[in-house]
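# Coordinate inspection notes
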Amino acid sequence: MEGMAEMEEKTHALLGASNSHRWLECTPSARAEQLYPDLGSDFAKEGSLAHAIAAKKLKERLGQPVYAEIAEIKELSEFMSGEMEEYTTEYADFVMERYMEAVRNTPEGKVRPHLFVEKRLDYSEWVKDGFGTGDAVILSYDMLEVIDFKYGKGVKVDANNNPQMKLYALGTAEEFSYCYDFDQVRMTIYQPRMGNISSWETYGGDLLEWAERHVKPLATLAWFGEGSRKSGDWCRFCKAKGNCPRFTADCMVEYFMNPNAEALDPKTISRIFGMMSSIKDWVKAIEDKSLADALNGVEIPGYKLVEGKSNRKITDQRGLLIKLTMSGYDSEALMMSRKLKTLTELEKLIGKKKFGKLSQGFIEKPAGKPTLVPVGDKREILNNNDFKDLNYD
């Protein structure tokens, strides 16, 4: 999920911080993605609303105007939920706690800490037209902290060596170097729906060296759409992957080299697992492109465009019910019994913590099926004896 500021960054900044993990690895990708429109989604709108609410709560605590946030919240109010209220309050509490910690740790006579909310950050010193928006930026006499609020729950985001966060930190350090001497830089990801709070620290000098030696030359290549294409986990959300010769070649190589899944060794499985999400997305992108081409009159050899299957639906439920009951059928027999929404929907509606308290004694959680995840996952490792006798039906 993304906030409006992050969506704006993607719209106007070719080399935005939010997609830097991609153009720093595959420099031609930024120009390639320009050929594909950003269609947006309800998930993006939900993320924008969460960011607006979070910013409003922080600004109110700081006594700052919130006119823009109120307007955005009103526009996106259909995506409001109890869950969002809970998580944004917890985020605001977290940021204020970090800020007050900085205030307490500032010696007398030093520059007082300052907290910025939704701060535009310019890193064009190293990346042409490069800018982004920091959700929360805390400046203190010896420490700079950038906090990024991630409302999405599809992909866990790690702060460790995160290029988006490092570019945000660069932009902040560049703007305020005249009054702050940042020895330490801390970058924090706050991702509440995945229970993820991740922080990483580095030295200001190391950050500048990374910018000069690594970012600047790669950003120059990316700006002109030059350099070598390279596939990896950064391809997952690349809009151009369905038409990328490098990614296509790498996927096909994996298939032709390893056609028999039963014969794969653990090392090969590990490599393919790392590409799995991207490969699935690539297949979906191929399906989308082939359908779009066919709808535009392009002939796909061996295939034809037909009407797909569809399900019948009632257009006037009340009218049909009256018609059937007047024909002698019992209305109770015609109606489905009412039932509660799913647990996920109830948590979203009410808020996870509040629903957890209210639902005690009414819910059970059976053992989950064994699944393979990266070693960095926080869940405890299972031994064979832990699950061989369990029933998952």
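For the structure itself, look to the data block above.
Figured I'd write up the structure that's included with this text.

## Examining unusual backbone geometry
The phi angle at glutamate 118 is positive, at roughly 55 degrees, despite the residue not being glycine. The residue glutamate 118 is located in strand β1 (residues 114–122) in this model. On the accessibility criterion, glutamate 118 (26% relative accessible area) is partly exposed. Residues other than glycine seldom take positive phi values, yet aspartate 129 does so here, at roughly 55 degrees.

## What to know about the pairing of strand β4 (residues 184–191)
With eight of its eight residues buried, β4 lies for the most part within the structure. Neither face of β4 is open: one carries Gln184, Arg186, Thr188 and Tyr190, the other Val185, Met187, Ile189 and Gln191, and all of them are buried. By the bridge criterion, seven bridges tie strand β3 (residues 143–149) to β4 in an arrangement that is parallel. Along β4, the bridge assignment pairs isoleucine 147 with threonine 188. Across eight bridges, the pairing between β4 and strand β5 (residues 196–203) is antiparallel. The partner of valine 185 across the bridge, within β5, is threonine 202.

## Here's the deal with the packing of aromatic side chains
For any pair of aromatic rings, geometry is given as the distance between the ring centres together with the angle between the planes. For the structure on display, the rule yields seven aromatic pairs. Between phenylalanine 94 and tyrosine 190, the aromatic rings sit 5.0 Å apart at their centres with planes inclined by 40 degrees, giving tilted as the arrangement. In this pair, phenylalanine 94 sits in helix α6 (residues 82–104) while tyrosine 190 sits in strand β4, placing the two residues 96 residues apart along the sequence. Here phenylalanine 94 matches tyrosine 190 in class, with each residue buried. In this structure an aromatic cluster arises from ring pairing among Tyr87, Tyr91, Phe94, Phe149, Tyr151 and Tyr190. Geometry around phenylalanine 116 places lysine 119 over its ring, the cationic atom sitting 5.4 Å from the centre. For the cation-ring pair, lysine 166 lies above tryptophan 210, with the distance from its terminal atom to the ring centre recorded as 4.1 Å.

Calculation notes
Residues numbered from 1 in each chain as written. Predicted model: local features only at pLDDT ≥ 70, side-chain atom pairs only at ≥ 80, totals over all residues. Heavy atoms only, no water. Helix = DSSP H or I, 4+ residues; strand = E, 2+ residues; numbered from the N terminus. Buried < 20%, exposed > 50% of the residue type's maximum accessible area, 1.4 Å probe, protein only. Pairing = 2+ DSSP bridges. Phe/Tyr/Trp six-rings, centres within 6.5 Å; stacked < 30°, edge-to-face > 60°. Lys NZ or Arg CZ within 6 Å of the ring centre and 35° of its normal.

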